Amino acid sequence: SPRFQGGQCPRGVGMLYFLYNVLLILAAVFAVPYYGAKILLTGKYRRSIGPKFGFIPPELVARMKGAPRIWVHAVSVGEVTAAAPIVASLREHFPEACIVLSTSTETGQEMAARIVPSATVRIYYPLDIGCVVRRVLDRVRPDLFIPVETELWPNFLRRCKAAGVRVILVNGRISPRSFKRYALTRFFWREVLEAVDEIGVISRVDAERAEAMGAPAKKIHVLGNAKYDSLAAKASPKAGEDIARRLGLTEGEPVFVAASTHD
């Protein structure tokens, strides 16, 4: 039985970990032929498939120098946009740090190369398979792991806890649809969240959902959306003045902006 703070993992939770890993194996039976065909026929995933199974190029491992060693994970393009100001701030506060930035997609890697130049190295996030996770963590050896948005991979977080790696989730959000799924196995996710030391969320609603999943309220912090921080940093005061002039706005006049009309 895996161990967590406060004693052994409850039997029901241990069974869910077992079922989770069985489902991963079953998914692989169907996924391997599909992705194998994609690689052979289109070349898609060719760059990422090896690293996802834990085979990080030796030259990248050799470049992982500096302390502390901070691993930031951003799934794809949207999360990379949110990660950019976070990585920039980490570099400012810890200039000697080794900052490893991972993505799950090739488009995410391309975006990271363009907008996150302060990362020491860029890698692909491993598949959540026990032996693969161990292999990658043994090579990266992070002091701190920072998942951007709600990336809760049970085997990875479990291994981080066992290895003494601190975990701080940032820009966390839990959609209504995801929350319904999490709610069905709340006691399992409560144990998974034990491996997360601090949880930064976008809104009060996300904070309430994280707490309902079993995260202690003292761990949860409403910090806003880092994507907006990134955009604000790029905004030009002159652009604002130009827009005001075009619209005939006077100084101090209130303006309502329908920036997003999505439901």
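Criteria and cut-off values
- Residues numbered from 1 in each chain as written.
- Predicted model: local features only at pLDDT ≥ 70, side-chain atom pairs only at ≥ 80, totals over all residues.
- Heavy atoms only, no water.
- Helix = DSSP H or I, 4+ residues; strand = E, 2+ residues; numbered from the N terminus.
- Buried < 20%, exposed > 50% of the residue type's maximum accessible area, 1.4 Å probe, protein only.
- Lys, Arg positive; Asp, Glu negative; His and termini not counted.
- Salt bridge = Lys/Arg side-chain N within 4 Å of Asp/Glu carboxyl O.
- Polar contact = N/O pair within 3.5 Å; in protein donor to acceptor, adjacent residues only side chain to side chain.
- Contact = heavy atoms within 4.5 Å.
- Phe/Tyr/Trp six-rings, centres within 6.5 Å; stacked < 30°, edge-to-face > 60°.
- Pairing = 2+ DSSP bridges.
- Right-handed = clockwise from strand over helix to strand, strands pointing away.
- Core = buried A, V, L, I, M, F, W, Y, C linked by side-chain atoms within 4.5 Å.
- Axes fitted to C-alpha atoms, helices over the stretch in contact; angles between N-to-C directions.
- pLDDT = per-residue confidence, 0-100.

A. Representation of the side chain of arginine 69. Along the chain, the position of arginine 69 falls in strand 3 (residues 69-73). Put simply, arginine 69 is tucked away with no salt bridge, and the nearest opposite charge, on aspartate 143, sits 6.0 Å away. Side-chain polar atoms of arginine 69 contact the backbone oxygen of methionine 64, separated by 2.5 Å. Non-local contacts of arginine 69, meaning those with residues more than four positions away in its chain, are made with Met64, Cys98, Arg139, Val140, Arg141, Pro142, Asp143 and Leu144.

B. Main features of the pattern of salt bridges. By the definition in use, this model includes 6 salt bridges. We note a salt bridge from lysine 227 to glutamate 149, for which the minimum N-O separation is 3.4 Å. Of this pair, lysine 227 sits in helix 11 (residues 226-234) while glutamate 149 sits in the loop between strand 6 (144-147) and helix 7 (154-163), and the two are 78 residues apart along the sequence. Between arginine 166 and aspartate 197 there is a salt bridge, and its shortest N-O distance comes to 3.7 Å. Placement of arginine 166 in strand 7 (residues 166-172) and of aspartate 197 in the loop between helix 9 (186-193) and strand 8 (198-201) is noted, with a sequence separation of 31 residues between them. Through salt bridges with shared partners, one network takes in Glu149, Arg173 and Lys227.

C. Quick look at the packing of aromatic side chains. Counted according to the given criterion, the structure contains 9 aromatic pairs. Between the aromatic rings of tyrosine 125 and phenylalanine 145, the centroid separation amounts to 6.3 Å while the plane-to-plane angle is 25°, which identifies the pairing as stacked. Here phenylalanine 145 lies in strand 6 and tyrosine 125 lies in the loop between strand 5 (121-124) and helix 6 (130-140), a separation of 20 residues in the sequence. Just as tyrosine 125 is buried, phenylalanine 145 falls in that class too. Among the aromatic residues, those joined into a ring-pair cluster are Tyr17, Tyr182, Phe188 and Trp189.

D. Representation of the pairing of strand 8 within the structure. Relative to strand 8, strand 7 runs parallel, the two sharing 3 bridges. Within strand 8, the residue paired with glycine 172 across the bridge is valine 201. Relative to strand 9 (residues 220-222), strand 8 is paired through 3 bridges, and the arrangement is parallel. Of the residues in strand 9, the one forming a bridge with valine 201 is valine 222. With respect to chirality, the unit in which strand 8 leads through helix 10 (residues 204-212) into the neighbouring parallel strand 9 is right-handed.

E. How the structure looks around the nonpolar core. Formed by 38 residues in total, the largest nonpolar core has its most connected members in Trp71, Val100, Ile123, Val140, Leu152, Phe156 and Ile199. Among residues more than four places away in sequence, those in contact with valine 100 are Met64, Ile70, Trp71, Val72, Val121, Ile123 and Val140. One finds Val72, Ala74, Ala82 and Leu144 within the second-largest nonpolar core, a separate group that totals 22 residues.

F. Focus on the sheet that holds strand 4 (residues 98-103). As summarised here, the arrangement of the 7 strands in space is 5-4-3-6-7-8-9, forming an open sheet in which the pairing is parallel. Looking at the sheet topology across the chains shown, the edges are occupied by strand 5 and strand 9. Sheet twist, expressed as the average angle between the axes of neighbouring strands with direction ignored, equals 20°. Contacting strand 7, strand 8 and strand 9, helix 10 crosses the sheet at an angle of about 170° to strand 9.

G. Layout of the confidence of the model for the chain. The predicted model of the chain averages 86 in pLDDT, with 90% of residues at 70 or higher. Within the model, the stretch residues 1-10 combines pLDDT values under 50 with 15 contacts to residues more than four positions away or in other chains.

H. Here's a closer look at the environment of cysteine 98. Inspection of the secondary structure assignment puts cysteine 98 in strand 4. Between the alpha carbons of cysteine 98 and valine 140 there is a distance of 10.0 Å; along the sequence they are 42 residues apart. If we skip the residues at most four places from it in the chain, cysteine 98 touches Met64, Lys65, Gly66, Ala67, Pro68, Arg69, Ile70 and Thr120.

I. Region of interest: unusual backbone geometry. Put simply, alanine 67 and proline 68 share a cis peptide bond, and its omega is -5°. As for its placement among the helices and strands, proline 68 is situated in the loop between helix 3 (58-62) and strand 3. Here arginine 141, not a glycine, exhibits a phi torsion of approximately 50°, which is positive. Of note in this structure, glutamate 149 is not a glycine but carries a positive phi near 70°. Residue classification places glutamate 149 among the buried positions, given a relative accessible area of 5%.

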